[in-house]
Amino acid sequence: AEMAARLSENRLVSLPLSRIRVIMKSSPEVSSINQDALFLTAKATELFVQYLASYSYKHGRGKEKNALTYSDLSHTAEECETFQFLADILPKKILASKYLKMLEKEKRDGEVREEDEEEEEEDEDAVG
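Worth saying up front: this structure is predicted, and the values here are computed from it rather than measured.

1. Section: the overall build of the chain
Counting secondary structure elements, the chain contains 6 helices and 0 strands. Each helix and strand of the chain, placed in order from N terminus to C terminus, yields the pattern α-α-α-α-α-α. Put simply, the chain has 128 residues, and 19% of those count as buried. The contacts in the chain between residues at least 6 apart in sequence include a share of 35% that link residues at least 24 apart. Accessible surface, the chain: about 10400 Å² in total, of which carbon and sulfur atoms supply 54%.

Here's what the structure looks like:
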């Protein structure tokens, strides 16, 4: 009976439970995984991915082409507060040359900020 219940549970979830178990066990705080917890985590993950995909499709440009695109997903991660925690995982695609320019600018800005901080410290010494 338990085996039959597991088989019917598996049909309710598209994601492979064995992979979900591996991911859950990769957390050092997790020592054992209850079968119900595994199933519910898999189902919740599946529903979340469906929600992300449908939201991105409805609010993206892919609808014009009848397709969900990566840029639709990254736009959702950037613009929708609910999905902003995914911004690092779904970054906007940019050209490598543009990225290198951004890094160079950050480096220059960082150097400028460090100089400003040193000047502020000197000013504090002069006042005190």
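Having seen it, we continue.
2. So, the nonpolar core
Side chains of a nonpolar character, in soluble globular proteins, are inclined to be buried together. With 8 residues, the main nonpolar core is built from Val13, Leu17, Ile20, Met24, Ile33, Leu38, Phe39 and Ala42. If you list the elements that add at least two residues to this core, you get helix H2 (17-25) and helix H3 (35-59). Residue contacts for Met24: discarding those within four places in its chain leaves Val30, Ile33, Ala37, Leu38 and Thr41. The next biggest cluster of nonpolar side chains, apart from the first, holds 7 residues, and it includes Leu52, Leu73, Leu86 and Leu90.

3. Regarding the side chain of Ser74
Relative to the assigned elements, Ser74 resides in helix H5 (residues 70-79). Excluding residues that lie within four positions of it along the chain, Ser74 makes contacts with Leu90, Pro91 and Lys92.

4. Quick notes on H2
Leu17, Ile20 and Met24 are the residues of H2 that are buried. Seen along its axis, H2 keeps its buried residues to an arc of 60 degrees; they face one direction. H2 presents Arg19, Val22 and Ile23 as exposed residues on the side facing more than 90 degrees away from its buried surface.

5. What to know about the side chain of Glu46
By the secondary structure assignment, Glu46 is in helix H3. There is a polar contact of 2.4 Å between the side chain of Glu46 and the backbone nitrogen of Ser14.

Basis of the calculations
Residues numbered from 1 in each chain as written. Predicted model: local features only at pLDDT ≥ 70, side-chain atom pairs only at ≥ 80, totals over all residues. Heavy atoms only, no water. Helix = DSSP H or I, 4+ residues; strand = E, 2+ residues; numbered from the N terminus. Buried < 20%, exposed > 50% of the residue type's maximum accessible area, 1.4 Å probe, protein only. Contact = heavy atoms within 4.5 Å. Areas by Shrake-Rupley, 256 points an atom, 1.4 Å probe, with all protein chains shown as cover. Core = buried A, V, L, I, M, F, W, Y, C linked by side-chain atoms within 4.5 Å. Arc of directions from axis to C-beta. Polar contact = N/O pair within 3.5 Å; in protein donor to acceptor, adjacent residues only side chain to side chain.

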